[in-house]
Protein chains: 2
Amino acid sequence: MEHPENDDKYKGLKVNKGVNDMPTVNPYLKKRTPRKRYTADEFVSGILDGNITILSQAVTLVESSLHEHQAIAQEIIEKCLPHAGKSIRVGITGVPGAGKSTSIDAFGMHLINAGHKLAVLAIDPSSERSKGSILGDKTRMESLSREKNAFIRPSPSAGSLGGVARKTRETIVLCEAAGFDTIFVETVGVGQSETAVHSMVDFFLLIQLAGTGDELQGIKRGIMEMADGIIINKADGDNIKKAELAASQFRNALHLFPPSESGWIPKVLTYSGYYGLGIKEIWDMVNDYIAFTKKNGYFNYKRNEQAKYWMYESINDSLRDKFYHNPEVEKMLEPTERQVLNNEISSFVAAKRMIDIFLENIH
Amino acid sequence: MEHPENDDKYKGLKVNKGVNDMPTVNPYLKKRTPRKRYTADEFVSGILDGNITILSQAVTLVESSLHEHQAIAQEIIEKCLPHAGKSIRVGITGVPGAGKSTSIDAFGMHLINAGHKLAVLAIDPSSERSKGSILGDKTRMESLSREKNAFIRPSPSAGSLGGVARKTRETIVLCEAAGFDTIFVETVGVGQSETAVHSMVDFFLLIQLAGTGDELQGIKRGIMEMADGIIINKADGDNIKKAELAASQFRNALHLFPPSESGWIPKVLTYSGYYGLGIKEIWDMVNDYIAFTKKNGYFNYKRNEQAKYWMYESINDSLRDKFYHNPEVEKMLEPTERQVLNNEISSFVAAKRMIDIFLENIH
């Protein structure tokens, strides 16, 4: 218990309560021994009871690429759907070095102390750190990882962004059904993942540092305009003035941005994740936003748009997947691309040829 | 000739020179009478000769949705490809009211007077104005429309963005083969079209007005971060100070943006489209950018990426098209979407069901 980074043990202890009829087999410790297979209904009732081990195992099924795992995972998700949707979902992004983990730890403790149940998920398609271990994330968020009302789950293993994002989105459903009322979805701010995160959260938070130079090098263009709130970290000690200056620069910049679809005017705040300063104000802002968008109807509108978005994203993903993994297509794709780059055929003719090849070899 | 907005007559006069062996049949006047059909080779040699009537007719084929027109259009494009690619392509965006037409007229005249040949194209998928008439665009750009070295062509008729954008991109190929060394691609700045434009131009210019309030209402988020140059219009008379202030605000804001992939630092300039002030400086900026990116290799890199982008866009478009126009899919799509919105099935299950329906009914 003194070693929260010893995740397996910790996890076993954390979850084993109130669900005596549900064997709490730890999937990590007993990886190689045959494990009792729950039915979908057993999974669902465990999740609805708030059993974290069962939740974890269900998430593992969601993340699995095995066909049989996917089948049961989809059944579980479907049965959890009516119990999902009631949390506040917050996307949190910032480049490495912005103090994301410390901040999430501080935000999370603020919420836990106010009686909330928090799940911290992540989307990081390029990540290798998550393969088979959640040690990294546990130690990154020291206080949170000790809390029984916090569920920390790293990004699904590397894969296509669409696949990783879908898994995270489905994990949200399971966490909500398990009673988590706040969901953080963390991402690194340097890739395409932000659009995906933006499409599954209610509020999008961008962590920045004072200074306008190197700190921004890593952030991808377009992310600033997605933010509902920009928060400047490390506003403590000698750095307070610099942080305030940065905040006022960002405020001026946001002023020039077109208004957001929600009608909400993005706020810029300073805080210190390390010293826990200004955290309450950040959460007041999130709550203000939720109240504001629930009142003007944008909250539900966006949730519906997101559900549709993910349905059509999944369709498009599957179509692309079927196309690009077709052996005949795979064979012809590169030579055709080369012809386009050499100006021998137009992009459109190239596309048409590839589609014809696909349709001729579809079954 | 005194009435440049009388487009048919004007057009006939404008083009009828130096290509005596090529009948200059006007497609608008003789719409209902059988017209001599050129072969693809005749089209190509007319285009390479710089015959504007032939070019116009070829563009009409590109824009047509008739199968036989598309077949010949693609042959023409393919034969023009080796002669294309040598122009500078500039995307120009700005909300209605920013003075886009007046500005393009002024920029265009600056280039024409410097001996350039300019084609002005547009992407505006929602537009109805272009259906069967180019009158609108001709009168919008009064000086340019009188110039024989300017070719103004409105947006292809309303259709899917992908389709409209592809047609504009293919029109660029034909215009370049016809000897136009500068291409403007205009768009309205309020929709998705900017991403498409951004993917077919070398330089992306955003027209803004002084003031940070209502003028920005229409601009879509994300566009500012795409711009290689922001230019503040109506910097004349009493408005000069306000425009300069706006420029310095934008400069500060851009300073907070992450650096662009090209390494170019976007510039902010003021000008007056109406009085023709500051136009040379804008074109110096564009030329600086071209020189800069040709030197660091980004120019060619981006052109290659764009060619690939359009090939894969076309593939994805076709796949989606085949899917969404499948009668069985069309029948089931709405009820399935409703189930997703009612939380009855997950987005992923919905997608999977639709894909299965598609694959079962593909031929």
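In what follows, the accompanying structure is described. (Residues numbered from 1 in each chain as written. Chains lettered and ligands numbered in written order. Predicted model: local features only at pLDDT ≥ 70, side-chain atom pairs only at ≥ 80, totals over all residues. Heavy atoms only, no water.)

1. Description of the packing of aromatic side chains
Argument step 1. The tally for this structure, following the rule as stated, stands at 28 aromatic pairs over all chains.
Argument step 2. Ring geometry for A:Tyr38 and A:Phe43: centres 5.2 Å apart, planes at 85°, overall edge-to-face.
Argument step 3. For A:Phe43, a relative accessible area of 1% gives the class buried.
Argument step 4. Between A:Phe203 and A:Tyr289 the ring centres are 5.0 Å apart and the planes differ by 80°, which places this aromatic pair in the edge-to-face class. Taken together, the residues span a long stretch of sequence, with A:Phe203 in strand E5 (residues 203–209) and A:Tyr289 in helix H10 (residues 279–295) at a distance of 86 residues.
Argument step 5. Accessibility expressed as a relative area gives 0% for A:Phe203, which makes it buried.
Argument step 6. One aromatic cluster in this structure is built from A:Phe107, A:Phe184, A:Tyr271 and A:Trp283.
Argument step 7. Between A:Arg166 and the ring centre of B:Phe348, over which it is positioned, the NZ or CZ distance is 3.5 Å.
Argument step 8. Above the ring of A:Trp264, the side-chain terminus of A:Lys267 is found at 4.3 Å from the ring centroid. (Phe/Tyr/Trp six-rings, centres within 6.5 Å; stacked < 30°, edge-to-face > 60°. Buried < 20%, exposed > 50% of the residue type's maximum accessible area, 1.4 Å probe, protein only. Helix = DSSP H or I, 4+ residues; strand = E, 2+ residues; numbered from the N terminus. Lys NZ or Arg CZ within 6 Å of the ring centre and 35° of its normal.)

2. Re unusual backbone geometry
Residues and elements named next belong to chain B.
Argument step 1. Even without glycine at this site, Lys 234 takes up a positive phi of about 65°.
Argument step 2. Relative to the helices and strands, Lys 234 is located in the loop between strand E6 (229–233) and helix H9 (240–255).
Argument step 3. Among the residues examined, Lys 234 registers a relative accessible area of 36% and is labelled partly exposed.
Argument step 4. In the Ramachandran plot, Asn 343 falls in the positive-phi region, its phi being about 60° despite a non-glycine side chain.
Argument step 5. With respect to the helices, strands and loops of the structure, Asn 343 is situated in the loop between helix H12 (327–341) and helix H13 (347–360).

3. With respect to the side chain of B:Lys167
All names here are of chain B.
Argument step 1. Tracing the backbone shows Lys 167 in helix H7 (residues 161–177).
Argument step 2. Buried within the structure, Lys 167 lacks any salt-bridge partner; Glu 63 is the closest side chain of opposite charge, at an N-O distance of 7.4 Å.
Argument step 3. A polar atom in the side chain of Lys 167 sits 3.3 Å from the backbone oxygen of Glu 63.
Argument step 4. Apart from the residues lying within four places of it in its own chain, the contact partners of Lys 167 are Val 62, Glu 63 and Pro 156. (Lys, Arg positive; Asp, Glu negative; His and termini not counted. Salt bridge = Lys/Arg side-chain N within 4 Å of Asp/Glu carboxyl O. Polar contact = N/O pair within 3.5 Å; in protein donor to acceptor, adjacent residues only side chain to side chain. Contact = heavy atoms within 4.5 Å.)

4. Examining the packing of helix H4 (residues 67–80) of chain B against H7(B)
Residue and element names in this part refer to chain B.
Argument step 1. Viewed as axis vectors pointing N to C, H4 and H7 meet at an angle of 50°, and their least axial separation amounts to 9 Å. It follows from the interaxial angle that H4 and H7 lie oblique. Handedness of the crossing formed by H4 with H7: left-handed. Note on element contacts: H7 touches H4 through Arg 166, Glu 170, Val 173, Leu 174 and Ala 177, opposite Gln 70, Gln 74, Ile 76, Ile 77 and Cys 80.
Argument step 2. Class assignment of the residues belonging to the contact of H4 with H7 gives a composition of six nonpolar, two polar and two charged. (Axes fitted to C-alpha atoms, helices over the stretch in contact; angles between N-to-C directions. Parallel < 35°, antiparallel > 145°, perpendicular 65-115°, else oblique. Left-handed = near helix turned anticlockwise from the far one by under 90°. Nonpolar A, V, L, I, M, F, W, Y, C, P; charged D, E, K, R; others polar.)

5. Observations concerning H7(B)
The periodicity of an α-helix, 3.6 residues per turn, causes residues three or four positions apart to be oriented the same way.
Residue and element names in this part refer to chain B.
Argument step 1. Here H7 contains 17 residues, and its C-alpha end-to-end distance of 25 Å stays within 8% of the 24 Å for a straight helix at 1.5 Å per residue.
Argument step 2. In terms of residue burial, H7 counts as a mostly covered element, since 16 of its 17 residues are buried.
Argument step 3. At the exit of H7 stands Gly 179, carrying a positive phi of roughly 100°. (Expected span 1.5 Å × (residues − 1).)

6. Regarding the sheet that holds strand E4 (residues 182–187) of chain A
All names here are of chain A.
Argument step 1. An order of E3-E2-E4-E1-E5-E6-E7 is seen for the seven strands of this open sheet, with the pairing classed as parallel. Edge positions in the sheet fall to strand E3 (150–152) and strand E7 (267–270), since each of these pairs with one other strand and no more. Adjacent strand axes in the sheet meet at a mean angle of 20°, parallel and antiparallel pairs treated alike.
Argument step 2. With four bridges joining them, strand E6 (residues 229–233) and E7 adopt parallel strand pairing. (Pairing = 2+ DSSP bridges.)

7. Focus on the nonpolar core
Argument step 1. Core analysis: the largest hydrophobic core is formed by 116 residues, its most contacted members being A:Ile76, A:Leu174, B:Ile47, B:Leu55, B:Ile76 and B:Leu174.
Argument step 2. When sequence neighbours within four positions are dropped, the list of residues in contact with B:Leu174 reads B:Ile47, B:Leu55, B:Ala58, B:Val59, B:Val62, B:Ile76, B:Ile77 and B:Cys80. (Core = buried A, V, L, I, M, F, W, Y, C linked by side-chain atoms within 4.5 Å.)

8. Details of the side chain of B:Arg89
Residues and elements named next belong to chain B.
Argument step 1. In this fold, Arg 89 is placed in strand E1 (residues 88–93).
Argument step 2. Within polar-contact distance, the side chain of Arg 89 engages the side chain of Glu 176 at 2.8 Å.
Argument step 3. The contacts of Arg 89, once residues within four sequence positions are left out, are Ile 172, Glu 176, Ile 183, Met 200, Val 201, Asp 202, Phe 203, Arg 303 and Gln 306.

Scope: geometric values only; no functional claims are made or implied.
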